[in-house]
Amino acid sequence: MSQEHEIKYIPEGINFGMKMAIIPSVSMGFSHSGKMENRGRIHDYYAWIDRGKDLGRYTIQIEKTKIPILKLFLETEPRTAAIPSPVSGLLIHSEYDFDTKLTAILLPDDEPEPENGEYMFRMLCGLCRDYKYYFMKPSRYWSLGAMDDHSFNEMLEEQLSRRCEVVDAMPKYADYFNEIRAKHPNLRPYIRHLA
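(A) Fine view of the packing of aromatic side chains. Under the criterion given, the structure shown has seven aromatic pairs. Both rings, one in F16 and one in W48, keep their centres 6.1 Å apart while their planes meet at 55°; by these two values the pair is tilted. In this pair, F16 is assigned in strand 1 (residues 16–23) and W48 in strand 3 (residues 48–49), connecting sequence segments 32 residues apart. Of the two residues, F16 and W48, neither departs from the other in class, the shared state being buried.

Put into structure tokens, the structure is as follows:
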């Protein structure tokens with residue numbers, strides 16, 4: 001990607017502050033019947049993201065029939081829920097996945113408070129409610145058995161209650177800013193204060 005193209009990710013007039021938003025991940029429980037489409041695999045590292053734009057997507061493959069013999073011949077079709085970014089900023093960890101990964105976003109100095117879990121995960125939890133049936137049967141993974149109503153509802157409630165954490169960018173993320181300086185010199189003016 002050219003430097004000229006990359007710089008367009010950051011809107012004009014943006015000044016970054018000293019804070020990072022740590023974005024809540026999706027609980028591993030959701031891997032029972034679905035998978036994440038990781039934003040980091042389809043977008044560039046160190047790119048700007050607008051509040052409300054897809055940070056990631058969660059997909060459940062839906063059977064086209066409930067008739068056992070026909071399941072052998074019919075393909076599944078995907079149902080997808082977007083997970084919108086709760087803030088605008090510069091993606092530092094651009095991977096977004098289940099509990100195993102945390103995404104960090106460098107915040108502009110005038111960025112409003114991050115949106116809450118209800119904002120981020122409403123569509124995800126709605127999709128899972130619509131297709132609860134898949135969570136009530138044994139998972140395709142040997143380690144995840146069928147859920148019951150209590151565990152399923154508890155998983156959804158816990159996900160909706162997750163919140164962003166706002167933390168100091170330095171010194172914890174210094175290595176990322178050094179990498180930006182080395183690999184993306186066009187971004188140096190934006191992070192000069194993070195030394």
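(B) Up close: the pattern of salt bridges. For the structure on display, the rule yields 11 salt bridges. Put simply, R51 and E115 hold a salt bridge, and the shortest N to O gap is 3.1 Å. With a gap of 64 residues between them, R51 in the loop between strand 3 and strand 4 (54–63) and E115 in the loop between strand 7 (103–108) and helix 4 (117–130) connect regions that are remote in the sequence. The residue E63 makes a salt bridge to K137 at a minimum N-O spacing of 3.3 Å. Here K137 lies in the loop between helix 4 and helix 5 (149–160) and E63 lies in strand 4, a separation of 74 residues in the sequence. One network of salt bridges, in which partners are shared, links E37, D54 and R57.

(C) The side chain of S33, seen in detail. Within the secondary structure, S33 is located in the loop between strand 1 and strand 2 (35–38). Within the local environment of S33, its side chain forms a polar contact with the backbone oxygen of Y134, the two atoms lying 3.0 Å apart.

(D) Molecular detail of the environment of R163. Along the chain, R163 falls in the loop between helix 5 and strand 8 (165–168). The exposed category is assigned to R163, whose relative accessible area is 56%. Residues R163 and P24 lie 139 residues apart in sequence; the distance between their C-alpha atoms is 6.1 Å. In this structure R163 touches P24, N116 and G117, once residues within four positions along its chain are discounted.

(E) View of the nonpolar core. Formed by 32 residues in total, the largest nonpolar core has its most connected members in I23, V26, F30, Y58, Y96, F121 and C128. Of all the secondary-structure elements, those providing two or more residues to this core are strand 1, strand 4, strand 5 (76–84), strand 7, helix 4 and helix 5. Of all the elements, helix 4 adds the most residues to this core, at six residues. In this structure, C128 is in contact with F30, Y58, I60, F135, F152 and L156, ignoring residues within four places of it in sequence. Core analysis: the second largest hydrophobic core is formed by 20 residues, I14, I22, W48 and I180 among them.

Reading the values: rules and limits
Residues numbered from 1 in each chain as written. Predicted model: local features only at pLDDT ≥ 70, side-chain atom pairs only at ≥ 80, totals over all residues. Heavy atoms only, no water. Phe/Tyr/Trp six-rings, centres within 6.5 Å; stacked < 30°, edge-to-face > 60°. Helix = DSSP H or I, 4+ residues; strand = E, 2+ residues; numbered from the N terminus. Buried < 20%, exposed > 50% of the residue type's maximum accessible area, 1.4 Å probe, protein only. Salt bridge = Lys/Arg side-chain N within 4 Å of Asp/Glu carboxyl O. Polar contact = N/O pair within 3.5 Å; in protein donor to acceptor, adjacent residues only side chain to side chain. Contact = heavy atoms within 4.5 Å. Core = buried A, V, L, I, M, F, W, Y, C linked by side-chain atoms within 4.5 Å.

These values are about where atoms sit, not about what they do.
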